[in-house]
Amino acid sequence: MDHMLELRDICAYYGDKQVLFDVDLVIGKHRTLGLVGESGSGRSTLARVVTGLLKKSTGTVVFDGEVQGAKRSAEFYRRVQMVFQNPDASLNPKHRIGTILTDGMVIQGVSRADAMVRCRELITRMDLPEDTLERYPRSFSGGQKQRIALARALCTDPDFVILDEPTSALDVSVQRRMLDLIKEIREERGLTILFISHDLGVIRDICDDIAVLRHGVLQETGESAAFFASPKTDYGRELLKAVPRIEYE
Amino acid sequence: MGSDLLTIKHLNLYSREGSHLVKDVSLSIGHGETLGIVGESGSGKTLTLKAIIGLLPTGIRETCEEKKIEGKCAMIFQSPLTSLDPLYPVFRQLVDVVEYRQGVSRPEAQKIAEGWLQKLSLPEDLAEEDRYPGELSGGQCQRVLIALALATKPDVLLCDEPTTALDVTVQKQVIDLLKDLQKELGFAMIFVTHNLAVASQLCERLAVMRHGEIIEEGRKADVLKHPAHAYTKELVDSVLSVPEVD
Amino acid sequence: MKNSDRKMKPSLKIGLFLMGILILLAITAPLIAKYDPYAQDLPSALQAPSAAHPFGTDQLGRDILSRVLYAARVDLSIMVLAEIAPFVIGVLLGMCAGYFGGKTDWIISLAIDTFIAFPYYLLVIVVAFATGAGIRGIFITFMLVGWLLYARVAKGMSASLRTQEWVDAARLQGFSDLRIIVKEILPNVLPQAVVVLMTDMAGLLVMIVTLGYLGIGISAPTPDWGTMIAEGQTMMTTAWWISVIPGVMVVLTGIALSFIGDGLADLWREDGF
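A few points on the structure. (Residues numbered from 1 in each chain as written. Chains lettered and ligands numbered in written order. Predicted model: local features only at pLDDT ≥ 70, side-chain atom pairs only at ≥ 80, totals over all residues. Heavy atoms only, no water.)

1. What about the sheet that holds strand β6 (residues 80-83) of chain A?
Two orientations exist for strands paired in a sheet by backbone hydrogen bonds: parallel and antiparallel. Residues and elements named next belong to chain A. What the six strands build is an open sheet, ordered β6-β7-β8-β3-β9-β10; its pairing is mixed. Each end of this open sheet is capped by a strand with a single partner; those strands are β6 and β10 (217-223). Strand-to-strand twist of the sheet, defined as the mean angle between neighbouring strand axes without regard to direction, takes the value 15 degrees. With five bridges joining them, strand β3 (residues 32-36) and strand β8 (residues 192-197) adopt parallel strand pairing. By the bridge assignment, Leu33 is partnered in β8 with Leu194. Along the sheet face, helix α5 (residues 142-155) touches β6 and β7 (160-164) and points at about 175 degrees away from the line of β6. Each of β3, β9 (209-214) and β10 touches helix α9 (residues 234-242); the most contacted strand, β9, lies at about 100 degrees to it. (Pairing = 2+ DSSP bridges. Helix = DSSP H or I, 4+ residues; strand = E, 2+ residues; numbered from the N terminus. Axes fitted to C-alpha atoms, helices over the stretch in contact; angles between N-to-C directions. Contact = heavy atoms within 4.5 Å.)

Below is the structure:
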């Protein structure tokens, strides 16, 4: 199988504190890998290593067959995008949505007018109001902001998208719609996704593969279905057991 | 049911700008009962809880036909770290609350507080070597808060999303703990959460809130299996299930 | 929601109105003033306010109204001009320190801490003596210490903004650090910096006036509120208008600036700042 992303011996540090320990991970093309872990497990740190946002790390990041250096190329940033957890913090409050969405494309050499046309298509696709591009972030709900963030990530027509808890701050009914939207877009564009979440229900709903992280150490990886049938490790089992289930009686 | 501990009839809350935040909410709860209030953000569930205990934010106008609370209430909050005084070691906070609320001597309060540490599976060396909230984990802080609330010997424990900020494994421990303590101490509980699954594990009765109104209330089994309201059904369907493990 | 949709606070309206009048008076001084502010007229010295001299005359017979208006031109323009460079430099350095952190932060913070340790007025007096009394001293001194405040505000804000997810998102769009600082961070820092600017301008005006009063600022015979207050102080009981009128102007400017600062802060706070 062709790999979109391959991580070898990834270690990462915050100051002197090591937060990731020799993580090895592969994501196949057009697969969605769910990265699960509790707080302090290092799951968001791993995303920052992949995108090159965290400089203090060692190990090898291979993207689509190419080993990545410390500085990522412009092409890398076109092909790799990310959606963050906190809808209130992921859009610059001082810019109109139109600016937020088109700036990335303009820097890639698309003309402002073409960029606007593509934005309008995306806005319609995301079921956002028509006047979205003229408005500021504060006038949108959490769910809408996350859809805008997803639209921004899709603007540059990426192959690989990292979603860091994109639905955790949303209400359950809104979460459901967001997940469905992500699934549809994934099919339409043939995306490869690294989906970070603490919620096993969400992971099961959307992921093909799963990786479990704890205190910076990778516990187990494998196909999602196999994990939910029978986790390989005690910690995986403990996590799965802890998920609150509806008790009808 | 026999004597109600807490009865609220036609509670209405308005914001300063006049918007109707909580509409005609009526609730009652008897000894040892558990009621779950489930709703999404902006449904007014937390405000209802704050109105019961009298902690409404300034500027909120309240009208209520009847508000009868027999016995003591205590409350635990969503964010364990910001609910504890960061400059005050946790065990001392606990001893102070016991001493003040139960009117016992200091050594006696010390002993009772040690009992609570044990009951809540908190590290017992806290009694010898006290620590600040910042030195404890989120789950431990939430246990300390539960101890602080229960040390006042409440008849009703009001819980505002106490497990939302916790990791799932810790959440499970706290839920199990609350269940055990309730069985042992017999307090009644109103549990506010957005998580239907969590509510279903802790409560016998469920009330579903939306846009400030209770749209459905009843026994857990009825509400979950035969939801009368489309929104309740949507909530039940939104829970992403995971298979059981042996 | 657009800016115009939000209601302006009364304090902002009053402040802008007052400041507008003061600036208008300064600009149109040659048209309003009936007398040459430098023209001495000893026979009509120390006249109380009258129809010919609405604010009276000083000991040399100069018309106080004319002098106060011309002083507004001098004092207000120095106040604004002397703030420009410190504002720009302070905000830029502060943003760099906050955004880059590490060594950049260490160097800029060291500079801030060093300059902050100087007693403000002592430094002013030393520079004034070194360069000779006058406007130049004020500019040089303020260049040295004026940027500190903005640097500290901008540094604190940028350091907390840096960790926001939208800054990471901007990096992932492939934006350069310079572009992120100018296009992403600056619009968020600017409102707060402008609020500080208003307060600081009032402080600078008081400094200009104080230096004039002490005789090491703007030197006679150039009209300046500070020197005017100093000239009249020995005659407070007999010819109060010489000192009181320029004093009132200083107070009015100060009030106008703080009202604008407060009003802007309120307006932008509703914005989420």
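2. Looking at the pairing of β10(A)
Residues and elements named next belong to chain A. Both β9 and β10 contribute to a ladder of six bridges, which runs antiparallel. Bridge pairing links Ile210 to Gly222 in β10. Between the end of β9 and the start of β10, which pair antiparallel, lie two residues, with His215 showing a positive phi angle near 45 degrees.

3. Let's talk about helix α8 (residues 165-172) of chain C
Counting buried residues along α8(C), eight of its eight residues qualify, which places the element largely inside the surrounding structure. Two residues or fewer after α8(C) comes Gly174(C), characterised by a positive phi angle close to 90 degrees. (Buried < 20%, exposed > 50% of the residue type's maximum accessible area, 1.4 Å probe, protein only.)

4. Quick word on helix α2 (residues 90-102) of chain B
Residue and element names in this part refer to chain B. Its 13 residues place the ends of α2 18 Å apart at the C-alpha level, agreeing with the 18 Å of an ideal helix rising 1.5 Å per residue. For α2, the secondary structure elements touched by its buried residues are α3 (106-119) and α4 (138-150). Directly beyond the C-terminal end of α2, a positive phi value near 60 degrees is found at Gly103. (Expected span 1.5 Å × (residues − 1).)

5. Some details on the packing of aromatic side chains
To describe a pair of aromatic rings, you give the distance between the ring centres and the angle between the ring planes. A complete count under the given rule lists nine aromatic pairs over all chains for this structure. Note on Phe76(A) and Tyr77(A): the rings are 5.6 Å apart at their centroids and 75 degrees apart in plane angle, and the pair reads as edge-to-face. A residue is classified by how much of its surface remains accessible, and Phe76(A), at 3% relative accessible area, is buried. By relative accessible area, Tyr77(A) is classed as buried at 11%. Seen from their ring centres, Phe227(A) and Phe228(A) are 5.3 Å apart, and the 85 degrees between their planes marks the pair as edge-to-face. The same class applies to Phe227(A) and to Phe228(A), which are both buried. In textbook terms, an aromatic cluster arises when at least three aromatic residues are bridged by ring pairs, as seen for Phe63(A), Phe76(A), Tyr77(A) and Phe160(A). Over the aromatic face of Phe140(A) sits the side chain of Arg135(A), whose NZ or CZ is 4.2 Å from the ring centroid. Stacked on the ring of Phe175(C), the Lys or Arg Arg179(C) has its end atom at 4.3 Å from the ring centre. (Phe/Tyr/Trp six-rings, centres within 6.5 Å; stacked < 30°, edge-to-face > 60°. Lys NZ or Arg CZ within 6 Å of the ring centre and 35° of its normal.)

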